[in-house]
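Take a look at the letters that make up each chain.
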Amino acid sequence: MYVGVSQAEALKEENDSLRCQLDAYRNEVELLKQEQGKNQPVRSEEDSTHSQQLSFLQQALQGMQKQLLKMRDELKQREVELEKTLQDKQQLKSQVQNLKEGLQKLQSTHTMK
């Protein structure tokens, strides 16, 4: 009988020990679930922050693109104006040269007389 009683007590202690381990595992699982629940909003907050930053950067990039297009148009307009100014300068040079030649002809005609 003594052997049967000691086996029963050993089984009871083992049973208690397994229950404690089971409770510990349950608590650990519960803690992990809670931590996961806490981490999810943080991630979604991070995602939201990243999304806002991305949106801000996209808007900034679009603004820069518009500014570059505007500057490109202004540059084209200035190039056209510069080309016209160069043509006007060439015409004026040509007119000055014609006037000089005409003046020389007049002077040479006047000195001959």
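Residues numbered from 1 in each chain as written. Predicted model: local features only at pLDDT ≥ 70, side-chain atom pairs only at ≥ 80, totals over all residues. Heavy atoms only, no water.

- An unreviewed UniProt entry lists the protein under the name Ecto-NOX disulfide-thiol exchanger 1/2 domain-containing protein, from Xenoophorus captivus.

### Quick word on the overall build of the protein
- The number of helices and strands found in the protein is 1 helix and 0 strands.
- Computed over C-alpha atoms, the radius of gyration of the protein comes to 48 Å, more than 25% over the 13 Å expected from 2.2 N^0.38 for 113 residues, which places it beyond the range of a compact globule.
- Counting only C-alpha atoms, the protein reaches 165 × 20 × 10 Å along its principal axes.
- Looking at the protein as a whole, 0% of its 113 residues are labelled buried.
- Accessible surface computed for the protein: about 11300 Å², of which carbon and sulfur atoms make up 56%.
- Charge centroids of the protein, computed over 17 positive and 18 negative side chains, lie 23 Å from each other. (Helix = DSSP H or I, 4+ residues; strand = E, 2+ residues; numbered from the N terminus. Rg over C-alpha atoms; globule rule 2.2 N^0.38 Å. Buried < 20%, exposed > 50% of the residue type's maximum accessible area, 1.4 Å probe, protein only. Areas by Shrake-Rupley, 256 points an atom, 1.4 Å probe, with all protein chains shown as cover. Lys, Arg positive; Asp, Glu negative; His and termini not counted. Charge placed at Lys NZ, Arg CZ, Asp CG, Glu CD.)

### A word on the pattern of salt bridges
- Per the stated rule, a full pass over the model turns up 1 salt bridge.
- For the salt bridge of Asp 88 with Lys 84, the shortest nitrogen-to-oxygen distance reads 3.4 Å. One end of the pair is Asp 88 and the other is Lys 84, both in helix α1 (residues 2-112) and 4 residues apart, which spans about a single turn.
- The partly exposed category is assigned to Asp 88, whose relative accessible area is 31%. (Salt bridge = Lys/Arg side-chain N within 4 Å of Asp/Glu carboxyl O.)

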